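Residues per chain, in single letters:
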Amino acid sequence: MLSERHKGHLSVILFTVLISTSFPLGQYLTAELPPLVVTWTRFVLGALFFGGLILSRRSWQWPSASLLLRYAVLSLLVCFYFWSMFEALEQSDPVEVAAIYTLVPLFTALIARVAGQHLKQRQWVMLLVGLLAAVWIIVGGSVDRLLTLRIDDGSLIYLWGCMAFAANPVLVQSSLKEQPILSATFWLLLFAALWLSPFIPMYLDTAVLAEVSVGVIWGVLYMGLAVTALTFMLFHYASVRLKSAQVMAYSYLVPVMVMLMAVVAGQPLVLSILPAVGIILAVVVVMLKSPEDVIPATEEGLPKAG
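Thresholds applied
- Residues numbered from 1 in each chain as written.
- Predicted model: local features only at pLDDT ≥ 70, side-chain atom pairs only at ≥ 80, totals over all residues.
- Heavy atoms only, no water.
- Helix = DSSP H or I, 4+ residues; strand = E, 2+ residues; numbered from the N terminus.
- Contact = heavy atoms within 4.5 Å.
- Areas by Shrake-Rupley, 256 points an atom, 1.4 Å probe, with all protein chains shown as cover.
- Axes fitted to C-alpha atoms, helices over the stretch in contact; angles between N-to-C directions.
- Parallel < 35°, antiparallel > 145°, perpendicular 65-115°, else oblique.
- Left-handed = near helix turned anticlockwise from the far one by under 90°.
- Nonpolar A, V, L, I, M, F, W, Y, C, P; charged D, E, K, R; others polar.
- Patch = residues over 30% accessible without salt bridge, like charges linked within 9 Å, V, L, I, M, F, W, Y side chains within 5 Å.
- Salt bridge = Lys/Arg side-chain N within 4 Å of Asp/Glu carboxyl O.
- Phe/Tyr/Trp six-rings, centres within 6.5 Å; stacked < 30°, edge-to-face > 60°.
- Buried < 20%, exposed > 50% of the residue type's maximum accessible area, 1.4 Å probe, protein only.
- Expected span 1.5 Å × (residues − 1).
- Core = buried A, V, L, I, M, F, W, Y, C linked by side-chain atoms within 4.5 Å.

(A) Molecular detail of the overall build of the protein chain. In terms of regular secondary structure, the protein chain is built from 15 helices and zero strands. Restricting the contact set of the protein chain to residue pairs at least 6 apart, pairs at least 24 apart contribute 91%. Per element, the accessible surface of the protein chain, about 14,600 Å² overall, is 71% carbon and sulfur.

Now the structure itself:
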C-alpha cells in the first residue's frame with residue numbers, strides 16, 4: 001500500500017513526463033496553429049472532459065463565490081505564464097527561454113519560505129545544484145552557448161511568468177487543499193479558457209483552420225485531454241501532498257526527458273551533458289527521500305476524487 005507521500009511523488013513524475021511530451025508536440029502543432037489558439041483549445045477540451053466526468057458521476061456542486069474567486073486567480077496565473085512564454089519565444093531563442101524556466105523550482109522554494117514552509121539546508125543546496133545541471137543540459141554542454149545566453153525584453157516578461165507559475169503550488173496548498181480534485185481541475189481549466197477567450201478572435205483564421213492536417217487535430221486532442229487535463233489533476237494531487245519545492249524540483253527532469261525524446265527521434269547524444277543528467281537524478285532522489293517534508297493531512301483533509 002503506497003503512502004500519501006509516495007502517491008504524490010508518482011503523480012508529479014507522471015505530470016513531468018506528460019509536460020515533457022508537450023515540448024516537441026507543441027512545436028509541431030504551432031507550425032500550423034497560433035500558440036494561443038492551441039493553448040485555449042487545450043483548456044476548453046480539458047474543461048469539457050472534466051465537466052462531463054463530474055456530471056456522469058452526479059457530483060456537480062456550485063462553489064461558493066469566494067471559492068470561484070480563488071479558482072479565477074489561480075487560473076489567471078497559469079494563463080499569464082503561457083502568455084509570457086509565447087511572448088518570450090517571439091523575441092528570444094528557445095534555449096534562452098528554457099534556461100529561464102529552470103528558475104521555477106527555486107522561485108517556488110522562495111515563495112514557499114515566505115508562506116511558512118521551511119526547507120532544510122541540504123534541500124536548498126540540491127535546488128541550486130539542480131538548477132545549474134539543468135542549464136548545462138539546456139545549453140547542450142557548450143560553454144560558448146552558456147556564455148552567450150542573454151536577457152532581453154521577452155525573457156524579462158517570461159521571468160515574471162515563471163514567478164507566477166512558481167506561486168501556483170503554494171497557493172493550491174493554501175486555498176484548494178480540501179477541494180475535490182475533479183471539481184478543482186474543472187473550474188481551473190474553465191476559468192483559464194475564459195481568460196483567454198477574448199483574445200482568440202484576433203488569432204483565429206478560418207482559412208488556416210480549413211487547412212489544418214489530421215495529425216495536428218489528433219495532436220490537439222492529445223494535448224487537451226491527455227496532457228492538459230491529466231497534468232492539471234496530477235499537479236493538484238501532488239501539490240496537496242508534498243511541499244511546494246518538492247513538486248517543482250521535478251521540473252529539472254523536463255530537459256532530461258526532452259533530451260531523451262530527441263535522442264530517440266534520431267538526434268546525436270551529447271556526451272558532455274551526461275554528468276549533468278546524473279546530478280539531476282541525484283537531486284530528485286534526495287528530494288524523494290525526505291518523508292519529513294510531506295504535508296500533514298488527515299483522511300478527512302485529503303482531496304476527494306469527485
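What follows picks up the thread again.
(B) Local environment of the packing of helix 9 (residues 181-196) against helix 12 (residues 214-239). Two elements in contact, helix 9 and helix 12, have axes separated by 9 Å at closest approach and are oriented at 125°. In this view, helix 9 runs oblique relative to helix 12, as classed from their interaxial angle. Remark: the crossing between helix 9 and helix 12 carries right-handed chirality. Contacts from Ile181, Leu182, Ala184, Thr185, Leu188 and Leu189 in helix 9 reach Thr228, Ala229, Phe232, Met233, His236 and Tyr237 in helix 12. Across the contact of helix 9 with helix 12, the residue classes break down as nine nonpolar, three polar and no charged.

(C) Spotlight on the packing of helix 1 (residues 4-29) against helix 12. Contact geometry of helix 1 with helix 12 gives a least axis separation of 8 Å together with a crossing angle of 155°. It follows from the interaxial angle that helix 1 and helix 12 lie roughly antiparallel. Helix 12 is crossed by helix 1, and the crossing has left-handed handedness. For the contact of helix 1 with helix 12, the class distribution of residues is 19 nonpolar, eight polar and two charged.

(D) Highlighting a nonpolar patch on the surface. A cluster of nonpolar side chains, namely Phe49, Val214, Ile217, Trp218, Leu221 and Leu225, defines an oily patch on the protein surface of about 580 Å² accessible area. For the nonpolar patch, the element with the highest residue contribution is helix 12, accounting for five residues. When you line up the elements, Phe49 lands in helix 2 (residues 35-56).

(E) Region of interest: the packing of aromatic side chains. With the rule as written, the count across this model stands at six aromatic pairs. Look at Tyr81 and Tyr158: their rings are 5.7 Å apart centre to centre, the planes differ by 40°, and that puts the pair in the tilted class. Residue Tyr81 is located in helix 3 (residues 65-91), and its partner Tyr158 is located in helix 8 (residues 153-175); the two are separated by 77 residues in the primary sequence. As far as burial versus exposure is concerned, Tyr81 and Tyr158 are alike and both buried. Both rings, one in Phe186 and one in Trp187, keep their centres 5.0 Å apart while their planes meet at 70°; by these two values the pair is edge-to-face. Taken as a pair, Phe186 and Trp187 share a single burial class, namely buried. Site record: aromatic cluster; members linked through ring pairs are Trp62, Phe186, Trp187 and Phe191.

(F) Main features of helix 14 (residues 253-264). Along its 12 residues, helix 14 runs 17 Å from first to last C-alpha, staying within 8% of the 16 Å computed at 1.5 Å per residue. Restricting attention to buried positions, one finds in helix 14 the residues Leu253, Val254, Pro255, Val256, Met257, Met259 and Ala262. Just past helix 14, the residue Gly266 takes up positive phi, approximately 115°.

(G) Representation of helix 9 in the model. With 16 residues, helix 9 should reach 22 Å at 1.5 Å per residue; the first-to-last C-alpha distance of 23 Å fits that figure. Most of helix 9 sits inside the fold, with 13 of its 16 residues counted as buried.

(H) Looking closely at the side chain of Ser183. For Ser183, the position within the fold is in helix 9. The class of Ser183 is buried, set by a relative accessible area of 16%. Residues in contact with Ser183, not counting those within four places in the same chain, are Ile54 and Tyr71.

(I) Structural context of the environment of Ser213. Take Ser213: it is sitting in the loop between helix 11 (206-210) and helix 12. Each C-alpha atom of the pair Ser213 and Glu32 lies 8.3 Å from the other, and the pair is 181 residues apart in sequence. Setting aside chain neighbours within four positions, we find Ser213 in contact with Tyr28 and Glu32.

(J) View of the nonpolar core. Residues Phe43, Tyr81, Tyr158 and Ile280 are the most contacted members of the largest nonpolar core, which totals 74 residues. Per-element accounting of this core gives the leading share, 11 residues, to helix 3. The residues contacting Phe43, other than those within four sequence positions of it, are Val78, Cys79, Phe82, Leu189, Ala192, Ala193, Leu196, Thr228 and Phe232. The next biggest cluster of nonpolar side chains, apart from the first, holds 10 residues, and it includes Val38, Val212, Val216 and Val220.

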